[in-house]
Amino acid sequence: NFPVQVHNPEGFDYALLQKRMAREKLVDGLVTFGFKEVKTPVLRKAPNSRDYRLREELFPSFLAYEQKRQHITQPHYIFELGQVRTGNKLSDHLGLGVVGNNVDFNNLFSMVHHLVASVTGRTIALRAIESGKYEKGKAFAILSDGQLIGEIGVVSTEKMSGGKLKHQCMYAELDLPAFI
């Protein structure tokens, strides 16, 4: 019969704890769907420079990873949680890639929809966009409550440096602070 007293130590950030729990739930959901987590370098070298800078999106990391591993049994599912520079601040992003022969766009979209709904309780919608990294007519902005939270599409076969993609790739990238 001990009295329970909730003590909030000074400086404890409940919002940060909530974000960490949502992030863990997101990773658990991806692993359940069969995704494998990959870690790629955060810094990339600026052209003709010795300086390194933080990447502005996870997409080049996905292409570099896929170019080196096109021999892996298909289909394969990968994801990466990483920081990118947006303007003058850092932001956490989630990149999802599905690679294989005749991969299904609706399958990736339904996974993203389920993850956003289970983590945040919100639904998402798609809006067609034009993007040089996706095939024409196969690029979409991901919106939640009218707010842009990411993009999804079928990767253009010309995006692979030094050659074409051997398999069809779909990619989605979500801005985590936008929806968590």
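For the structure, check the block above.
This structure is a prediction, so every number in the text was calculated from the model and none was measured.

Cut-off values and rules
Residues numbered from 1 in each chain as written. Predicted model: local features only at pLDDT ≥ 70, side-chain atom pairs only at ≥ 80, totals over all residues. Heavy atoms only, no water. Phe/Tyr/Trp six-rings, centres within 6.5 Å; stacked < 30°, edge-to-face > 60°. Lys NZ or Arg CZ within 6 Å of the ring centre and 35° of its normal. Salt bridge = Lys/Arg side-chain N within 4 Å of Asp/Glu carboxyl O. Helix = DSSP H or I, 4+ residues; strand = E, 2+ residues; numbered from the N terminus. Pairing = 2+ DSSP bridges. Contact = heavy atoms within 4.5 Å. Axes fitted to C-alpha atoms, helices over the stretch in contact; angles between N-to-C directions.

All told, the structure shown has 6 aromatic pairs when counted by the stated rule. Each member of the aromatic cluster is reached from another via a ring pair, and the members are F59, F62, Y134 and Y171. When the ring centre of F59 is taken as reference, the NZ or CZ atom of K133 above it lies at 5.0 Å.

This brings us to the pattern of salt bridges. Summed over all chains, the structure comprises 4 salt bridges. Note that K133 and E57 form a salt bridge whose closest N and O atoms lie 2.6 Å from each other. Here the residue K133 occupies a position in the loop between strand 6 (125-128) and strand 7 (134-144), and E57 occupies one in the loop between strand 3 (52-54) and helix 2 (59-68), the gap between them amounting to 76 residues. Here D145 and R122 are joined by a salt bridge, their closest N and O atoms 3.3 Å apart. Taken together, the residues span a long stretch of sequence, with D145 in the loop between strand 7 and strand 8 (147-155) and R122 in the loop between helix 3 (105-120) and strand 6 at a distance of 23 residues.

Overall, mixed pairing links the 7 strands, which are arranged 1-4-5-9-8-7-6 in an open sheet. Because the sheet does not close on itself, it has two edges, and the strands there are strand 1 (36-37) and strand 6. Summarising the sheet, strand 4 (residues 76-86) and strand 5 (residues 89-100) pair through 11 bridges and their orientation is antiparallel. Looking at strand 5, one finds that H76 is bridged to V99. Here helix 2 sits on the sheet in contact with strand 1, strand 4, strand 5, strand 8 and strand 9 (168-175), set at roughly 150 degrees to strand 9.

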